[in-house]
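# Architecture at a glance
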Amino acid sequence: MTGLLGVLVLAAGPLCLGAVAARAIGLRWADGLWHHAAAVWLLGCLGLGALVQLALELHVPPGWWWPLPFAAAALLHASMRLCAVAAADVPGAQAAGRPGRGASSAGWHAFVLLGAGAVVLLAAGALDRPCLEGDEGNIWSLKAKSLLADWPDAFAAAQVHNLHPDYPQLDPLLQAWTYAVLGGIEQSLVANRWLVQGAALGLWLLLCAALRRQLPAWAAAGFAAVLLGEPVFHDLCRTAYADGMVAFGLLAAVHGFVGWRNSGAQPLLRLASGGLAFALWSKNEPLLYVGCLGLATVLLRLGAGPRPSPGPRARLWWWGPSLLVVATTMLWNRRHGLHSDLLGHNPTGKSMFVLLVEQWRERVPVLLGEAWSAVCSPQHGHAGFAALLLVAVVRLRRLVGGALALPTLALLGSWVGLHVVYVGSFLPLRFHLDTSYLRVTFQLLPAALFLLAAQLGAVAPRPAPRDTAVAP
(Lines give C-alpha, C1' and ligand atoms only; values in the text may rest on other atoms or scores of the structure.)
Protein backbone atom coordinates (compact mmCIF):
# COMPACT_ATOMS: atom_id res chain seq x y z
CA MET A 1 0.00 0.00 0.00
CA THR A 2 1.71 3.19 -1.16
CA GLY A 3 1.09 6.88 -1.73
CA LEU A 4 -1.77 8.82 -0.20
CA LEU A 5 -3.78 5.69 0.59
CA GLY A 6 -0.98 4.32 2.75
CA VAL A 7 -0.63 7.61 4.63
CA LEU A 8 -4.38 7.73 5.26
CA VAL A 9 -4.39 4.18 6.60
CA LEU A 10 -1.45 4.99 8.89
CA ALA A 11 -3.33 7.90 10.45
CA ALA A 12 -6.79 6.37 10.40
CA GLY A 13 -5.84 3.09 12.07
CA PRO A 14 -4.88 4.42 15.52
CA LEU A 15 -7.49 7.20 15.32
CA CYS A 16 -10.41 4.85 14.62
CA LEU A 17 -9.38 2.37 17.28
CA GLY A 18 -8.58 5.13 19.77
CA ALA A 19 -11.87 6.94 19.20
CA VAL A 20 -13.89 3.82 19.97
CA ALA A 21 -11.67 2.95 22.95
CA ALA A 22 -12.05 6.48 24.35
CA ARG A 23 -15.82 6.20 24.11
CA ALA A 24 -15.67 2.79 25.76
CA ILE A 25 -13.93 4.20 28.83
CA GLY A 26 -16.32 7.15 29.07
CA LEU A 27 -14.43 10.04 27.46
CA ARG A 28 -16.25 12.49 25.16
CA TRP A 29 -15.22 15.10 22.60
CA ALA A 30 -17.39 17.63 24.41
CA ASP A 31 -15.25 17.16 27.52
CA GLY A 32 -12.33 18.89 25.80
CA LEU A 33 -11.14 18.90 22.21
CA TRP A 34 -7.41 18.74 22.82
CA HIS A 35 -7.72 16.43 25.81
CA HIS A 36 -9.80 13.99 23.82
CA ALA A 37 -7.59 14.10 20.74
CA ALA A 38 -4.55 13.20 22.85
CA ALA A 39 -6.42 10.40 24.63
CA VAL A 40 -7.59 8.97 21.29
CA TRP A 41 -4.02 8.78 19.97
CA LEU A 42 -2.67 7.22 23.17
CA LEU A 43 -5.38 4.58 23.40
CA GLY A 44 -5.25 3.90 19.66
CA CYS A 45 -1.52 3.30 19.63
CA LEU A 46 -1.72 1.18 22.78
CA GLY A 47 -4.41 -1.00 21.23
CA LEU A 48 -2.61 -1.16 17.89
CA GLY A 49 0.55 -2.39 19.60
CA ALA A 50 -1.42 -5.16 21.29
CA LEU A 51 -2.97 -6.18 17.95
CA VAL A 52 0.40 -6.36 16.19
CA GLN A 53 1.84 -8.41 19.06
CA LEU A 54 -1.12 -10.78 18.78
CA ALA A 55 -0.68 -10.99 15.00
CA LEU A 56 2.96 -11.98 15.50
CA GLU A 57 2.03 -14.72 17.92
CA LEU A 58 -0.64 -16.04 15.55
CA HIS A 59 1.77 -15.81 12.57
CA VAL A 60 -0.55 -13.53 10.62
CA PRO A 61 1.29 -12.43 7.43
CA PRO A 62 2.31 -8.72 7.57
CA GLY A 63 0.30 -8.09 4.41
CA TRP A 64 -2.85 -8.67 6.46
CA TRP A 65 -1.91 -6.35 9.32
CA TRP A 66 -3.37 -3.16 7.92
CA PRO A 67 -7.05 -4.00 8.67
CA LEU A 68 -6.34 -4.93 12.31
CA PRO A 69 -7.24 -1.61 14.01
CA PHE A 70 -10.33 -1.14 11.86
CA ALA A 71 -11.61 -4.63 12.57
CA ALA A 72 -10.90 -4.25 16.28
CA ALA A 73 -12.67 -0.87 16.37
CA ALA A 74 -15.72 -2.35 14.64
CA LEU A 75 -15.86 -5.28 17.05
CA LEU A 76 -15.46 -3.05 20.08
CA HIS A 77 -18.17 -0.70 18.85
CA ALA A 78 -20.51 -3.61 18.16
CA SER A 79 -19.91 -5.09 21.60
CA MET A 80 -20.66 -1.73 23.20
CA ARG A 81 -23.94 -1.51 21.34
CA LEU A 82 -24.93 -5.08 22.13
CA CYS A 83 -24.06 -4.89 25.81
CA ALA A 84 -25.38 -1.34 26.25
CA VAL A 85 -22.28 -0.29 28.17
CA ALA A 86 -21.66 3.02 26.43
CA ALA A 87 -19.89 5.36 28.82
CA ALA A 88 -22.88 7.73 28.93
CA ASP A 89 -24.66 5.10 31.03
CA VAL A 90 -21.87 5.02 33.62
CA PRO A 91 -22.57 7.16 36.72
CA GLY A 92 -20.20 10.10 36.78
CA ALA A 93 -19.08 9.62 33.19
CA GLN A 94 -20.58 12.92 32.08
CA ALA A 95 -18.36 14.72 34.60
CA ALA A 96 -15.18 13.12 33.34
CA GLY A 97 -12.69 15.75 32.31
CA ARG A 98 -15.30 18.55 32.59
CA PRO A 99 -14.36 20.49 35.73
CA GLY A 100 -16.05 23.72 34.66
CA ARG A 101 -18.47 25.23 32.19
CA GLY A 102 -17.90 27.48 29.22
CA ALA A 103 -15.77 27.19 26.10
CA SER A 104 -12.15 28.32 26.08
CA SER A 105 -11.32 31.49 24.21
CA ALA A 106 -10.41 31.53 20.55
CA GLY A 107 -7.02 32.86 21.57
CA TRP A 108 -6.29 29.76 23.64
CA HIS A 109 -7.28 27.42 20.82
CA ALA A 110 -5.13 29.45 18.42
CA PHE A 111 -2.16 29.08 20.77
CA VAL A 112 -2.61 25.31 20.96
CA LEU A 113 -2.95 25.05 17.18
CA LEU A 114 0.17 27.15 16.60
CA GLY A 115 2.09 24.90 18.97
CA ALA A 116 0.75 21.81 17.20
CA GLY A 117 1.85 23.31 13.90
CA ALA A 118 5.34 23.83 15.31
CA VAL A 119 5.46 20.17 16.39
CA VAL A 120 4.43 19.05 12.91
CA LEU A 121 7.09 21.26 11.32
CA LEU A 122 9.74 19.84 13.63
CA ALA A 123 8.65 16.32 12.70
CA ALA A 124 8.72 17.23 9.01
CA GLY A 125 12.32 18.35 9.47
CA ALA A 126 13.31 14.68 9.68
CA LEU A 127 11.88 13.74 6.28
CA ASP A 128 15.32 13.98 4.67
CA ARG A 129 17.05 11.69 7.21
CA PRO A 130 16.49 7.91 7.06
CA CYS A 131 15.90 6.15 10.37
CA LEU A 132 19.19 4.26 10.35
CA GLU A 133 21.53 5.92 12.84
CA GLY A 134 21.77 6.43 16.59
CA ASP A 135 19.53 4.69 19.07
CA GLU A 136 16.45 5.21 16.89
CA GLY A 137 18.08 3.06 14.22
CA ASN A 138 20.07 0.65 16.37
CA ILE A 139 17.38 -0.11 18.95
CA TRP A 140 13.85 0.77 17.90
CA SER A 141 13.92 0.54 14.12
CA LEU A 142 16.25 -2.45 14.18
CA LYS A 143 13.83 -4.45 16.32
CA ALA A 144 10.88 -3.37 14.17
CA LYS A 145 12.62 -4.58 11.03
CA SER A 146 13.58 -7.80 12.77
CA LEU A 147 9.96 -8.44 13.76
CA LEU A 148 9.13 -8.40 10.06
CA ALA A 149 12.19 -9.91 8.42
CA ASP A 150 13.44 -12.39 11.05
CA TRP A 151 10.30 -13.50 12.85
CA PRO A 152 10.00 -16.09 14.20
CA ASP A 153 13.00 -18.33 13.62
CA ALA A 154 15.86 -15.82 13.40
CA PHE A 155 14.45 -13.07 15.61
CA ALA A 156 16.35 -13.95 18.80
CA ALA A 157 19.66 -14.39 16.99
CA ALA A 158 19.27 -11.07 15.21
CA GLN A 159 18.99 -9.18 18.50
CA VAL A 160 22.72 -9.56 19.05
CA HIS A 161 22.97 -6.40 16.96
CA ASN A 162 20.50 -4.53 19.20
CA LEU A 163 22.02 -2.25 21.84
CA HIS A 164 19.11 -2.88 24.25
CA PRO A 165 17.24 -6.01 23.11
CA ASP A 166 15.29 -6.24 26.38
CA TYR A 167 13.48 -2.92 25.97
CA PRO A 168 9.65 -3.08 25.89
CA GLN A 169 8.51 -2.99 22.31
CA LEU A 170 5.50 -0.75 21.81
CA ASP A 171 7.68 1.58 19.74
CA PRO A 172 8.98 -1.25 17.47
CA LEU A 173 5.49 -2.72 17.15
CA LEU A 174 4.12 0.60 15.88
CA GLN A 175 7.02 0.90 13.45
CA ALA A 176 6.53 -2.69 12.30
CA TRP A 177 2.87 -1.97 11.52
CA THR A 178 3.96 1.08 9.53
CA TYR A 179 6.45 -0.99 7.53
CA ALA A 180 3.75 -3.57 6.86
CA VAL A 181 1.16 -0.99 5.74
CA LEU A 182 3.56 0.76 3.38
CA GLY A 183 4.66 -2.44 1.70
CA GLY A 184 7.94 -3.35 3.31
CA ILE A 185 11.07 -2.07 4.98
CA GLU A 186 12.55 -0.63 1.80
CA GLN A 187 9.48 1.56 1.26
CA SER A 188 9.53 3.40 4.59
CA LEU A 189 12.96 4.48 5.82
CA VAL A 190 11.39 7.73 7.07
CA ALA A 191 7.65 7.10 7.46
CA ASN A 192 8.24 4.39 10.07
CA ARG A 193 8.74 7.22 12.57
CA TRP A 194 5.34 8.79 12.06
CA LEU A 195 3.27 7.00 14.69
CA VAL A 196 6.01 7.53 17.27
CA GLN A 197 6.27 11.18 16.29
CA GLY A 198 2.51 11.37 16.77
CA ALA A 199 3.15 10.78 20.47
CA ALA A 200 5.05 14.08 20.57
CA LEU A 201 2.02 15.86 19.13
CA GLY A 202 -0.24 14.03 21.59
CA LEU A 203 2.08 15.08 24.43
CA TRP A 204 1.74 18.73 23.43
CA LEU A 205 -2.05 18.58 23.19
CA LEU A 206 -2.45 16.70 26.47
CA LEU A 207 -0.14 19.04 28.36
CA CYS A 208 -2.06 22.07 27.09
CA ALA A 209 -5.38 20.53 28.09
CA ALA A 210 -4.12 19.43 31.51
CA LEU A 211 -2.57 22.83 32.27
CA ARG A 212 -5.69 24.68 31.16
CA ARG A 213 -7.71 22.79 33.75
CA GLN A 214 -5.47 24.11 36.49
CA LEU A 215 -4.63 27.66 35.41
CA PRO A 216 -5.96 30.63 33.45
CA ALA A 217 -5.16 30.63 29.75
CA TRP A 218 -2.24 33.06 29.98
CA ALA A 219 -0.58 31.05 32.76
CA ALA A 220 -1.24 27.72 31.09
CA ALA A 221 0.32 29.06 27.88
CA GLY A 222 3.42 30.10 29.81
CA PHE A 223 3.86 26.62 31.27
CA ALA A 224 3.18 24.95 27.92
CA ALA A 225 5.75 27.20 26.23
CA VAL A 226 8.42 25.54 28.40
CA LEU A 227 7.77 22.28 26.56
CA LEU A 228 7.64 23.96 23.18
CA GLY A 229 11.00 25.62 23.80
CA GLU A 230 12.73 22.51 25.16
CA PRO A 231 15.56 21.36 22.81
CA VAL A 232 15.09 17.74 23.89
CA PHE A 233 11.45 17.91 22.85
CA HIS A 234 12.56 19.24 19.46
CA ASP A 235 14.83 16.21 19.02
CA LEU A 236 12.07 13.81 20.04
CA CYS A 237 9.73 15.38 17.49
CA ARG A 238 12.26 14.50 14.78
CA THR A 239 13.14 10.95 15.83
CA ALA A 240 11.71 7.56 16.75
CA TYR A 241 13.09 7.53 20.29
CA ALA A 242 10.62 6.19 22.85
CA ASP A 243 11.34 8.80 25.54
CA GLY A 244 8.58 11.05 24.22
CA MET A 245 6.19 8.11 24.43
CA VAL A 246 7.15 7.60 28.07
CA ALA A 247 6.54 11.28 28.80
CA PHE A 248 3.16 11.08 27.04
CA GLY A 249 2.05 8.03 29.01
CA LEU A 250 3.26 9.39 32.34
CA LEU A 251 1.48 12.70 31.82
CA ALA A 252 -1.75 10.85 31.02
CA ALA A 253 -1.29 8.73 34.15
CA VAL A 254 -0.59 11.67 36.48
CA HIS A 255 -3.21 13.99 34.99
CA GLY A 256 -5.85 11.25 34.99
CA PHE A 257 -5.06 10.24 38.57
CA VAL A 258 -5.22 13.80 39.90
CA GLY A 259 -8.45 14.48 38.03
CA TRP A 260 -9.98 11.29 39.38
CA ARG A 261 -8.93 12.09 42.96
CA ASN A 262 -10.46 15.55 42.66
CA SER A 263 -13.70 14.56 40.93
CA GLY A 264 -14.14 10.82 41.39
CA ALA A 265 -14.73 10.47 37.63
CA GLN A 266 -13.92 6.88 36.67
CA PRO A 267 -13.11 7.64 33.00
CA LEU A 268 -10.14 9.72 34.13
CA LEU A 269 -8.90 6.82 36.23
CA ARG A 270 -9.24 4.55 33.20
CA LEU A 271 -7.21 7.04 31.15
CA ALA A 272 -4.56 7.05 33.87
CA SER A 273 -4.48 3.26 33.75
CA GLY A 274 -3.95 3.28 30.00
CA GLY A 275 -1.31 6.00 30.28
CA LEU A 276 0.75 4.04 32.78
CA ALA A 277 0.57 0.92 30.61
CA PHE A 278 1.60 3.01 27.58
CA ALA A 279 4.67 4.30 29.45
CA LEU A 280 5.64 0.86 30.78
CA TRP A 281 5.43 -0.62 27.29
CA SER A 282 7.67 2.10 25.87
CA LYS A 283 10.89 1.84 27.93
CA ASN A 284 12.34 0.31 31.09
CA GLU A 285 12.58 3.49 33.17
CA PRO A 286 8.85 3.47 34.10
CA LEU A 287 9.52 0.35 36.18
CA LEU A 288 11.65 2.60 38.37
CA TYR A 289 8.84 5.14 38.50
CA VAL A 290 6.36 2.49 39.62
CA GLY A 291 8.79 1.44 42.35
CA CYS A 292 9.02 5.06 43.51
CA LEU A 293 5.22 5.23 43.44
CA GLY A 294 5.06 2.26 45.79
CA LEU A 295 7.64 3.80 48.12
CA ALA A 296 5.80 7.12 48.09
CA THR A 297 2.55 5.35 48.96
CA VAL A 298 4.17 3.70 52.00
CA LEU A 299 5.75 6.96 53.19
CA LEU A 300 2.50 8.89 52.87
CA ARG A 301 0.55 6.21 54.72
CA LEU A 302 3.10 6.32 57.53
CA GLY A 303 2.95 10.11 57.59
CA ALA A 304 -0.83 10.25 57.54
CA GLY A 305 -1.11 8.28 60.77
CA PRO A 306 -4.14 6.21 61.69
CA ARG A 307 -6.58 8.51 59.84
CA PRO A 308 -5.79 8.49 56.13
CA SER A 309 -7.31 11.25 54.04
CA PRO A 310 -10.74 10.53 52.55
CA GLY A 311 -11.13 10.20 48.82
CA PRO A 312 -12.02 7.76 46.07
CA ARG A 313 -10.17 4.47 46.13
CA ALA A 314 -8.72 2.85 43.05
CA ARG A 315 -9.74 -0.72 42.30
CA LEU A 316 -7.29 -3.49 41.52
CA TRP A 317 -8.33 -3.38 37.87
CA TRP A 318 -6.46 -0.05 37.62
CA TRP A 319 -3.24 -2.04 37.59
CA GLY A 320 -4.51 -4.62 35.09
CA PRO A 321 -3.11 -3.16 31.83
CA SER A 322 0.24 -2.32 33.47
CA LEU A 323 0.61 -5.77 35.00
CA LEU A 324 -0.21 -7.33 31.64
CA VAL A 325 2.43 -5.20 29.90
CA VAL A 326 5.13 -6.02 32.45
CA ALA A 327 4.29 -9.74 32.46
CA THR A 328 4.24 -10.10 28.68
CA THR A 329 7.51 -8.15 28.35
CA MET A 330 9.22 -10.38 30.90
CA LEU A 331 7.90 -13.55 29.25
CA TRP A 332 8.93 -12.30 25.80
CA ASN A 333 12.47 -11.53 26.94
CA ARG A 334 12.78 -14.84 28.77
CA ARG A 335 11.45 -16.73 25.77
CA HIS A 336 14.00 -15.16 23.41
CA GLY A 337 16.91 -14.91 25.82
CA LEU A 338 16.99 -11.09 25.85
CA HIS A 339 18.76 -9.64 28.89
CA SER A 340 19.34 -6.25 30.50
CA ASP A 341 22.82 -4.79 30.76
CA LEU A 342 21.84 -3.36 34.16
CA LEU A 343 21.53 -6.89 35.53
CA GLY A 344 25.05 -7.95 34.61
CA HIS A 345 24.79 -8.70 30.89
CA ASN A 346 27.50 -6.21 29.98
CA PRO A 347 31.27 -6.29 29.39
CA THR A 348 31.99 -5.94 33.13
CA GLY A 349 29.78 -8.89 34.09
CA LYS A 350 28.58 -6.89 37.10
CA SER A 351 25.05 -5.82 37.92
CA MET A 352 24.01 -2.25 38.58
CA PHE A 353 23.82 -2.96 42.31
CA VAL A 354 27.44 -4.13 42.47
CA LEU A 355 28.60 -1.17 40.42
CA LEU A 356 26.66 1.18 42.68
CA VAL A 357 28.81 0.13 45.61
CA GLU A 358 32.02 0.35 43.58
CA GLN A 359 31.40 3.62 41.78
CA TRP A 360 29.34 5.90 44.02
CA ARG A 361 32.27 7.85 45.47
CA GLU A 362 33.52 9.05 42.10
CA ARG A 363 30.17 9.36 40.33
CA VAL A 364 27.89 11.03 42.87
CA PRO A 365 29.72 14.39 42.79
CA VAL A 366 29.65 14.37 38.99
CA LEU A 367 25.94 13.65 38.91
CA LEU A 368 25.21 16.36 41.46
CA GLY A 369 27.03 18.80 39.20
CA GLU A 370 25.15 17.52 36.14
CA ALA A 371 21.79 17.92 37.85
CA TRP A 372 22.69 21.41 39.04
CA SER A 373 23.79 22.43 35.53
CA ALA A 374 20.55 21.13 34.01
CA VAL A 375 18.36 22.85 36.60
CA CYS A 376 20.20 26.16 36.13
CA SER A 377 20.36 25.99 32.33
CA PRO A 378 18.27 28.69 30.62
CA GLN A 379 18.10 26.48 27.52
CA HIS A 380 16.20 23.67 29.22
CA GLY A 381 13.08 23.37 31.36
CA HIS A 382 14.67 21.37 34.17
CA ALA A 383 14.17 24.27 36.53
CA GLY A 384 10.66 22.82 36.73
CA PHE A 385 11.96 20.01 38.94
CA ALA A 386 13.51 22.48 41.39
CA ALA A 387 10.40 24.66 41.35
CA LEU A 388 8.17 21.66 42.05
CA LEU A 389 10.37 20.64 44.97
CA LEU A 390 10.33 24.17 46.37
CA VAL A 391 6.55 24.53 46.11
CA ALA A 392 6.05 21.07 47.62
CA VAL A 393 8.24 21.96 50.60
CA VAL A 394 6.50 25.31 51.13
CA ARG A 395 3.06 23.64 50.96
CA LEU A 396 4.12 20.47 52.77
CA ARG A 397 1.49 20.58 55.50
CA ARG A 398 -1.32 21.16 53.00
CA LEU A 399 0.16 18.75 50.48
CA VAL A 400 0.11 15.62 52.63
CA GLY A 401 -3.28 13.94 52.29
CA GLY A 402 -4.26 15.78 49.13
CA ALA A 403 -4.61 14.53 45.57
CA LEU A 404 -1.20 15.94 44.61
CA ALA A 405 0.85 14.36 47.39
CA LEU A 406 1.36 10.91 45.91
CA PRO A 407 2.26 11.88 42.33
CA THR A 408 4.49 14.75 43.50
CA LEU A 409 6.50 12.61 45.90
CA ALA A 410 6.70 9.75 43.40
CA LEU A 411 7.88 12.04 40.59
CA LEU A 412 10.57 13.74 42.66
CA GLY A 413 11.72 10.34 43.89
CA SER A 414 11.83 9.10 40.31
CA TRP A 415 14.00 12.04 39.28
CA VAL A 416 16.46 11.15 42.05
CA GLY A 417 16.22 7.47 41.11
CA LEU A 418 17.34 8.16 37.54
CA HIS A 419 20.57 9.61 38.92
CA VAL A 420 21.10 6.48 40.99
CA VAL A 421 20.87 4.41 37.79
CA TYR A 422 23.67 6.48 36.26
CA VAL A 423 25.79 5.79 39.33
CA GLY A 424 25.40 2.05 38.69
CA SER A 425 25.85 2.16 34.92
CA PHE A 426 28.71 0.17 33.38
CA LEU A 427 29.19 2.78 30.64
CA PRO A 428 31.75 5.59 30.99
CA LEU A 429 29.87 8.23 32.94
CA ARG A 430 30.68 11.25 30.77
CA PHE A 431 29.70 9.39 27.61
CA HIS A 432 26.49 8.13 29.18
CA LEU A 433 25.50 11.58 30.42
CA ASP A 434 26.28 13.30 27.13
CA THR A 435 24.26 10.82 25.10
CA SER A 436 21.19 10.32 27.28
CA TYR A 437 20.90 12.39 30.48
CA LEU A 438 18.71 15.25 29.27
CA ARG A 439 16.63 12.93 27.08
CA VAL A 440 15.93 10.43 29.86
CA THR A 441 15.16 13.00 32.55
CA PHE A 442 12.86 14.73 30.05
CA GLN A 443 10.50 11.77 30.48
CA LEU A 444 9.42 13.30 33.81
CA LEU A 445 9.37 16.96 32.77
CA PRO A 446 5.83 17.30 31.31
CA ALA A 447 4.32 15.60 34.36
CA ALA A 448 6.43 17.87 36.61
CA LEU A 449 5.12 20.96 34.79
CA PHE A 450 1.55 19.74 35.25
CA LEU A 451 2.04 19.04 38.96
CA LEU A 452 3.68 22.43 39.44
CA ALA A 453 0.72 24.09 37.72
CA ALA A 454 -1.68 22.06 39.88
CA GLN A 455 0.17 23.13 43.03
CA LEU A 456 -0.09 26.78 42.00
CA GLY A 457 -3.68 26.34 40.89
CA ALA A 458 -4.54 25.03 44.35
CA VAL A 459 -3.72 28.42 45.90
CA ALA A 460 -5.18 30.56 43.08
CA PRO A 461 -8.78 31.19 41.98
CA ARG A 462 -10.07 28.55 39.59
CA PRO A 463 -10.38 29.72 35.97
CA ALA A 464 -13.91 29.66 34.57
CA PRO A 465 -13.20 28.62 30.96
CA ARG A 466 -11.51 25.31 30.24
CA ASP A 467 -10.31 23.21 27.35
CA THR A 468 -13.86 22.54 26.20
CA ALA A 469 -14.71 22.04 22.58
CA VAL A 470 -18.49 22.42 22.95
CA ALA A 471 -20.23 24.49 25.56
CA PRO A 472 -22.35 22.15 27.72
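It should be emphasised that the depicted structure is a prediction, and the values quoted were computed from it without experimental measurement. (Residues numbered from 1 in each chain as written. Predicted model: local features only at pLDDT ≥ 70, side-chain atom pairs only at ≥ 80, totals over all residues. Heavy atoms only, no water.)

### Topic: the packing of helix 1 (residues 3-24) against helix 3 (residues 68-83)
- Contact pair helix 1 / helix 3: the axes reach a minimum separation of 8 Å and the direction vectors enclose 20°. By the angle class used here, helix 1 and helix 3 are roughly parallel. The handedness of the crossing between helix 1 and helix 3 is left-handed. For the pair formed by helix 1 and helix 3, the contact residues are Val-9, Ala-12, Gly-13, Cys-16, Leu-17, Val-20, Ala-21, Arg-23 and Ala-24 on the first element and Pro-69, Phe-70, Ala-72, Ala-73, Leu-76, His-77 and Met-80 on the second. (Axes fitted to C-alpha atoms, helices over the stretch in contact; angles between N-to-C directions. Helix = DSSP H or I, 4+ residues; strand = E, 2+ residues; numbered from the N terminus. Parallel < 35°, antiparallel > 145°, perpendicular 65-115°, else oblique. Left-handed = near helix turned anticlockwise from the far one by under 90°. Contact = heavy atoms within 4.5 Å.)

### Looking at unusual backbone geometry
- Cis geometry marks the peptide bond from Trp-151 to Pro-152, where omega comes out at 0°.
- Along the chain, the position of Pro-152 falls in the loop between helix 5 (134-149) and helix 6 (155-158).
- Of note in the backbone geometry, His-59 takes a positive phi value of approximately 60° without being a glycine.
- Residue position: His-59 is located in the loop between helix 2 (33-57) and helix 3.

### Points about the packing of helix 9 (residues 217-228) against helix 20 (residues 445-457)
- Where helix 9 meets helix 20, the axes come as close as 10 Å, and the angle between the chain directions of the two elements is 165°. Between helix 9 and helix 20, the crossing angle belongs to the class labelled roughly antiparallel. Helix-helix and strand crossings are classified by hand; for helix 9 and helix 20 the assignment is right-handed. Each of Phe-223, Val-226 and Leu-227 in helix 9 lies in contact with helix 20, whose residues at this interface are Pro-446, Leu-449, Leu-452, Ala-453 and Leu-456.
- When grouped by side-chain class, the residues that make up the contact of helix 9 with helix 20 number eight nonpolar, no polar and no charged. (Nonpolar A, V, L, I, M, F, W, Y, C, P; charged D, E, K, R; others polar.)

### Some thoughts on the packing of aromatic side chains
- Counted under the stated rule, the structure contains 13 aromatic pairs.
- Relative to Trp-319, the ring of Trp-318 has its centre 4.7 Å away and its plane inclined at 80°; by these criteria the two rings are edge-to-face.
- What makes Trp-318 buried here is its relative accessible area of 7%.
- Members of the aromatic cluster, joined through ring pairs, are Trp-108, Phe-111 and Trp-204. (Phe/Tyr/Trp six-rings, centres within 6.5 Å; stacked < 30°, edge-to-face > 60°. Buried < 20%, exposed > 50% of the residue type's maximum accessible area, 1.4 Å probe, protein only.)

### Notes on helix 19 (residues 429-442)
- Between its first and last C-alpha, helix 19 extends 18 Å over 14 residues, near the 20 Å set by a 1.5 Å rise per residue.
- Along helix 19, the largest kink reaches about 55° and is centred on Ser-436. (Expected span 1.5 Å × (residues − 1). Bend = angle between axes of the 7 residues up to and from the residue.)

### Description of a nonpolar patch on the surface
- Taken together, the side chains of Leu-4, Val-7, Leu-8, Leu-127 and Trp-194 define a hydrophobic patch exposed on the protein surface, amounting to about 470 Å² of accessible area.
- For Val-7, the location among the structural elements is in helix 1.
- For Val-7, a relative accessible area of 35% puts it in the partly exposed group. (Patch = residues over 30% accessible without salt bridge, like charges linked within 9 Å, V, L, I, M, F, W, Y side chains within 5 Å. Areas by Shrake-Rupley, 256 points an atom, 1.4 Å probe, with all protein chains shown as cover. Salt bridge = Lys/Arg side-chain N within 4 Å of Asp/Glu carboxyl O.)

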